[in-house]
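So you can see what is in the structure, the chains are spelled out below.
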There are 2 protein chains.
Amino acid sequence: MPSAALHTVHVPLEGRAYDILIGPGLLEGAGERLKAQFPGRRFGIVTDTEVARAQLPRLTASLDAAGLNHATVTVPNGEASKSFSRLNEVVEAILAARLERGDIIIALGGGVVGDLAGFAAAVARRGMDFVQVPTSLLAQVDSSVGGKTGINSPHGKNLIGAFHQPRLVLADLDALATLPPREFAAGYAEVAKYGLIDDEAYFFWLEENQREIFEGGPARAEAIARACAAKTRFVLADEKETGVRALLNLGHTFGHALETATGYSSRLLHGEGVAIGMVLAHQFSASKGLAPSQDTGRVIQHLKAAGLPTRIADIAGDKLDADELLRNIAQDKKVVRGALTFILTRGIGKAFIEKNVAPDEVRAFLGEALKA
Amino acid sequence: MPSAALHTVHVPLEGRAYDILIGPGLLEGAGERLKAQFPGRRFGIVTDTEVARAQLPRLTASLDAAGLNHATVTVPNGEASKSFSRLNEVVEAILAARLERGDIIIALGGGVVGDLAGFAAAVARRGMDFVQVPTSLLAQVDSSVGGKTGINSPHGKNLIGAFHQPRLVLADLDALATLPPREFAAGYAEVAKYGLIDDEAYFFWLEENQREIFEGGPARAEAIARACAAKTRFVLADEKETGVRALLNLGHTFGHALETATGYSSRLLHGEGVAIGMVLAHQFSASKGLAPSQDTGRVIQHLKAAGLPTRIADIAGDKLDADELLRNIAQDKKVVRGALTFILTRGIGKAFIEKNVAPDEVRAFLGEALKA
Ligand SMILES: NC(=O)c1ccc[n+]([C@@H]2O[C@H](COP(=O)([O-])OP(=O)(O)OC[C@H]3O[C@@H](n4cnc5c(N)ncnc54)[C@H](O)[C@@H]3O)[C@@H](O)[C@H]2O)c1
Ligand SMILES: NC(=O)c1ccc[n+]([C@@H]2O[C@H](COP(=O)([O-])OP(=O)(O)OC[C@H]3O[C@@H](n4cnc5c(N)ncnc54)[C@H](O)[C@@H]3O)[C@@H](O)[C@H]2O)c1
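Conventions we followed
- Residues numbered from 1 in each chain as written.
- Chains lettered and ligands numbered in written order.
- Predicted model: local features only at pLDDT ≥ 70, side-chain atom pairs only at ≥ 80, totals over all residues.
- Heavy atoms only, no water.
- Near = heavy atom within 4 Å.
- Polar contact = N/O pair within 3.5 Å; in protein donor to acceptor, adjacent residues only side chain to side chain.
- Areas by Shrake-Rupley, 256 points an atom, 1.4 Å probe, with all protein chains shown as cover.
- Helix = DSSP H or I, 4+ residues; strand = E, 2+ residues; numbered from the N terminus.
- Nonpolar A, V, L, I, M, F, W, Y, C, P; charged D, E, K, R; others polar.
- Domains from an automatic or database assignment.
- Buried < 20%, exposed > 50% of the residue type's maximum accessible area, 1.4 Å probe, protein only.
- Pairing = 2+ DSSP bridges.
- Right-handed = clockwise from strand over helix to strand, strands pointing away.
- Least-squares fit on C-alpha atoms with pLDDT ≥ 70 in both.
- Contact = heavy atoms within 4.5 Å.
- UniProt positions renumbered as here; feature names shortened; annotations may be inferred.
- Axes fitted to C-alpha atoms, helices over the stretch in contact; angles between N-to-C directions.
- Parallel < 35°, antiparallel > 145°, perpendicular 65-115°, else oblique.

Colleague: Would you mind going over the site of ligand 2 in detail, with residue names and values included?
Modeller: Residues and elements named next belong to chain B. Near ligand 2, the surroundings consist of 27 residues, among which Glu-79, Gly-111, Thr-135, Ser-136 and Thr-178 are the closest. A distance of 2.7 Å separates an oxygen atom of ligand 2 from a polar side-chain atom of Glu-79. Note that a nitrogen atom of ligand 2 is positioned 2.9 Å from one of the backbone N or O atoms of Ala-175. Contact with the protein chains covers 91% of the free accessible surface of ligand 2, which is 860 Å². Broken down by secondary-structure element, the contributors of at least two residues to the shell around ligand 2 are α2 (49–54), α5 (111–123), α6 (137–143) and β8 (156–163). For the shell around ligand 2, the residue count by class is seven nonpolar, ten polar and ten charged. Here the shell around ligand 2 spans two domains, and each of domain 1 (7–178) and domain 2 (181–371) adds at least three residues to it.

Here it is, written out as structure tokens:
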């Protein structure tokens, strides 16, 4: 058995408990660890072209050294791979490799690979076990934890998928060495989000340690572990997102609308959309008299220091349109019978779910925000 | 609320309990029943071209009369619709109709529609509720009960799917009036199967009442209800098919191999393959000295009287090949690490799971069976 990870977050879901391990060298130790936890199994690795180049050799070397049988399927990197046709391709590759129901799918990559591979594992042979090996910061602190898997539809993001929990999550800190800095910053938006939702103390700690987190000191591991623990709390409270788990969507309703408007292109990364969305959620709440505007200022300052955009105007390219953004929001899956659901806030660490937001109010607010 | 159904089989799955209603006129009563059970929901009907012609107007008239909002998506009839591309089409149609997470998918049709629509419901918006309205005998006694949903892969049948339980099953006896007689007989193979697995008394009762069941007397409703109750017992004992539920595959390993060899064409319907497969399972068991050969005779006689094929030679067209059948069996998902798993029997009502069948033994047996 390889040495213990730096941090372990246990996810005690009934009958499907698993560990999230956070630390350096986890890819090198993966072979021995998987062999011990899943004796006699074969492994199907799903990854993307970029991660295949940057990180796959570390994983396959480790599986080979442990004598584990494995096959790999690689999809193009980028959000466009969360499609029906890629799902089809990955599932057929799993079947072509003759992986059986007891075998294991490994998702090696960012949130795109995790969501796609997890969904493929959920439906191949009506459900195979899978292990998340998140290699982007966003995937390490958010998408690899909690069992939401899925792909996009022309009708909207993440509209097709399954709840399928991983059997193990290996968040290797060394993998982040090859992650482009812009992607690291985007992932950081989700880290900050946990503080903004319900943990002002964590947000304060992030403000104090932001520099060390970006430089890769010990605070980075702690920031990731605390983020995973926060996400785990929400997952345990509400696995299928029928209630409180929706708080994790802070900044996401605005963020998705911006991503849709920019065509999921490199104009705006997911985490960047979330960053702007969180600022908008604070501003919208402040405009309704719900939250103190100095908290908005603190949020903007922190995200700016992370190198993140904080205003719609920070998005490069053509100016966006309030009506189009509102249409995108209305198409979003969190619309229930005409009224819009938003995550609003009473200040840092005080987010709440508001199910009765009037579309007109949002349009007016967006009109103002677009002038900023 | 419409009047009570003739028979009700309750499926007490923890947290997801549902009823199977069996009786005449259930389609006419569907609108009021659905309105009472699912107030305020919208409905997405999935059906096939044949059933749309023969039965859909009864359902839509009933939903309209109850004032329920509904949309319909129709796929071509036949096994080929259990494909990735049809799944894609159905899911996108559900999203295009703006059906929300709380809305209901209705599968109106045979096993093909039930498996496809159930799988679409499992993955659209990461899981929507669905109601089975089985219109073939096979679907009423088998595929609509138990939550297995899925599609086929070029690598084999039902290799992609999900476990997703319906919220309600409406088995309308009147729907069977338009079912082609050959399809009725094929479904009957699955009825007989429950007797052969573990209920000799039921098989005996079927022998006594076969004529009335085919003519549509009261015994038909009872036969269906008892079959649903039998299937329910297995589902409750082993929802995810990790053990005893595999007994339901009696006749299916041989049957699937025959279906594959005949290209899932009208040469051989699923239930016809199961009928021949059950006879083969009895003969194979008898050849191993496990089962008395007079039981095989009783099985053959009963299935023949139902108008079902009982020998490989009964399949029209080119002669099949033992090696090809064995290859098909080996590709089947019930293969675990080289050894073949078969459902064998010690006689009528005494089936059991045998995990260590040698491929050579099967080849030799099939060589003989092909001569018969
Ligand atoms: N399932 C969930 O709960 C959940 C939660 C949040 C986000 N998501 C999803 O996650 C996705 C975004 O995830 P993401 O930001 O990781 O995107 P991503 O997977 O596209 O990764 C970002 C880019 O970084 C590259 N990359 C990743 N790791 C690398 C490494 N170590 N070295 C070099 N390059 C690397 C990738 O190839 C890609 O080009 C979105 O689709 C979003 O919907 C899911
Ligand atoms: N999910 C499960 O547990 C399970 C169990 C057994 C079989 N199955 C699946 O079920 C499928 C076979 O089901 P099936 O035999 O019902 O096939 P089917 O759905 O193709 O129906 C057979 C034919 O009868 C027609 N039909 C159905 N009802 C009719 C009606 N009332 N009037 C006129 N025409 C009607 C259909 O259009 C079709 O042409 C296979 O794909 C098999 O894998 C699933």
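Colleague: With reference to specific residues and values, describe the pairing of strand β6 (residues 129–134) of chain B.
Modeller: All names here are of chain B. Within β6, five of the six residues are buried, which leaves the element mostly enclosed by the surrounding structure. Of the strand pairs in this sheet, strand β5 (residues 104–109) and β6 are connected by six bridges, and their pairing is parallel. When the sheet's bridge partners are listed, Ile-104 is paired in β6 with Asp-129. You can see the chain leave β5, run along α5 and come back into β6, and the turn it takes is right-handed. Pairing of β6 with strand β9 (residues 168–172) involves two bridges; the strand directions are parallel.

Colleague: Give a description of the relation of the copies chain B and chain A that names residues and reports values.
Modeller: Between chain B and chain A, the superposition needs a rotation of 180° and an axial shift of 0.0 Å, giving an RMSD of 0.0 Å. Overall, the copies show the geometry of a two-fold rotation axis. Residue by residue, 100% of the interface of chain B is reproduced at the interface of chain A, so both copies engage with the same surface.

Colleague: Please provide a residue-by-residue account of the side chain of A:Asp115, values included.
Modeller: Residues and elements named next belong to chain A. Relative to the helices and strands, Asp-115 is located in helix α5 (residues 111–123). In this structure Asp-115 comes out as buried when scored by relative accessible area, which is 9%. Setting aside residues up to four positions removed in sequence, Asp-115 forms contacts with Lys-82, Ser-143, Lys-148, Thr-149, Gly-150 and Asn-158.

Colleague: Residue-level account of the UniProt feature "binding site: NAD(+)" (unreviewed entry) in chain A, with values.
Modeller: Residues and elements named next belong to chain A. Look at the UniProt record and you will see "binding site: NAD(+)" (unreviewed entry) annotated at Gly-111, Val-112, Val-113, Gly-114, Asp-115, Thr-135, Ser-136, Lys-148 and Lys-157. Here Gly-114 lies in helix α5. Overall, Gly-114 belongs to the buried group, its relative accessible area being 4%. The residues contacting Gly-114, other than those within four sequence positions of it, are Ala-107, Phe-130 and Gln-132. Tracing the sequence through the fold places Thr-135 in the loop between β6 (129–134) and α6 (137–143). Not counting chain neighbours up to four residues away, the residues in contact with Thr-135 comprise Val-51, Gln-55, Leu-108, Gly-109, Gly-110, Gln-140, Ala-175, Leu-176 and Leu-179.

Colleague: Now, about unusual backbone geometry: what can you tell me, with residues and values included?
Modeller: All names here are of chain B. Of note in this structure, Arg-98 is not a glycine but carries a positive phi near 55°. Tracing the chain through its elements places Arg-98 in the loop between α4 (84–96) and β5. In this structure, Arg-125 is a non-glycine residue whose phi angle is positive, near 50°.

Colleague: I'd like a description of the packing of helix α7 (residues 181–198) of chain B against helix α8 (residues 200–215) of chain B, backed by residues and values.
Modeller: All names here are of chain B. Remark: α7 packs on α8, axes separated minimally by 7 Å, with the N-to-C direction vectors making an angle of 160°. By the angle class used here, α7 and α8 are roughly antiparallel. Residues Phe-184, Ala-185, Tyr-188, Val-191, Ala-192, Tyr-194, Gly-195, Leu-196 and Asp-198 of α7 form the contact with α8, whose participating residues are Glu-200, Tyr-202, Phe-203, Leu-206, Gln-210, Ile-213 and Phe-214.

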